[in-house]
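# Summary of structural features
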Amino acid sequence: MERTLIIVKPDAVQRGLTGEVIKRFEQRGLKIVGMKFIHMTKDLAQKHYAVHEGKPFFEGLVTYITSAPVVVMALEGNNAIAAARKTIGATRPTEAEAGTIRGDYGMEIGRNLVHGSDSVENGELEVSNFFTEAELFSWDRST
Ligand code: CMP
């Protein structure tokens, strides 16, 4: 079963869109197996975005993601990576389709509301950067 790391970024939290973002993933059918509200340290932000180190927007990205609290979630499901990315929409909000989170609420690439892992490998890696095994739950929808 695939897992993806979702971050409800500072702009979404500050705009009161946390519930709306979580709702969309739940309605899509992705299962929340881990969730917490954190203020990311610079070290964790640099680790999470290590692949972008050296790019012109890297420093700004780290400053932004550590500027205010975020909600981090581990979501699980068949094809969770692709399903979450469809729900999120294109990285550049002006290119994101209406009906996606970024297409409905975003205008700026640097404030694009949500992060979702981009591959199965990165999903596993990113989830392990933010959650211990004890913070991840295995649960059944039908009780
Ligand atoms: P995210 O899905 O979190 O993954 C990397 C982030 O880098 C991306 O969302 C954007 O917020 C940010 N990003 C990518 N390209 C640019 C850019 N050209 N300018 C500013 N931020 C960018």
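Per chain, the residues get numbers from 1 upward, laid out in the order the sequence is written. Residue-level local features of this predicted model are given only where pLDDT is at least 70; pairs of side-chain atoms are given and counted only at 80 or more, and the full residue set underlies all totals for whole chains, interfaces and linings.

An unreviewed UniProt entry annotates the protein chain as Nucleoside diphosphate kinase of Phototrophicus methaneseepsis. Looking at the Sequence similarities (unreviewed entry) heading of the UniProt record, one finds this comment for the protein chain: "Belongs to the NDK family." UniProt positions are given in the numbering used here, feature names are shortened, and annotations may be inferred rather than shown by experiment. The Subcellular location (unreviewed entry) field of the UniProt record for the protein chain holds the comment "Cytoplasm".

Structurally, Gly 77 is set in strand β3 (residues 70-77). The exposure label follows from counting other C-beta atoms within 10 Å of a residue's C-beta, where the C-beta atoms are placed from the backbone and the thresholds are 20 or more for buried and 12 or fewer for exposed, leaving partly exposed in between. Assessed through the 19 C-beta atoms surrounding it within 10 Å, Gly 77 is described here as partly exposed. On a C-alpha basis, the gap between Gly 77 and Lys 23 in space is 16 Å, while along the polypeptide they are 54 residues apart. This entry defines residue contacts through backbone-placed C-beta atoms, with two residues in contact when those atoms are within 7 Å. In this view, Gly 77 contacts Met 1, Glu 2, Gly 29, Leu 30, Lys 31 and Ala 83; residues no more than four positions away in its chain are not counted. Under the scheme used here, helices are H or I runs from DSSP no shorter than 4 residues and strands are E runs no shorter than 2 residues, and both carry numbers assigned from the N terminus.

Mapped onto this numbering, the UniProt entry annotates "active site" (unreviewed entry) at His 115. Mapped onto the elements, His 115 comes out in strand β4 (residues 114-116). C-beta crowding within 10 Å serves as the criterion here: with 21 such atoms nearby, His 115 is assigned to the buried category. Residues contacting His 115, with those up to four places away along its chain left out, are Ile 6, Ile 7 and Lys 9.

Glancing now at the site of the ligand. Nearness here has a simple definition: the residue's C-beta atom, placed using the backbone, must lie within 6 Å of the molecule or strand. With respect to spatial proximity, the complete set of residues near the ligand consists of His 52, Phe 57, Leu 61, Thr 91, Ile 109, Gly 110, Asn 112 and His 115. Partitioning the shell around the ligand into residue classes produces 3 nonpolar, 5 polar and no charged. Note on residue categories: nonpolar means Ala, Val, Leu, Ile, Met, Phe, Trp, Tyr, Cys or Pro, charged means Asp, Glu, Lys or Arg, and polar means any other residue, Gly included.

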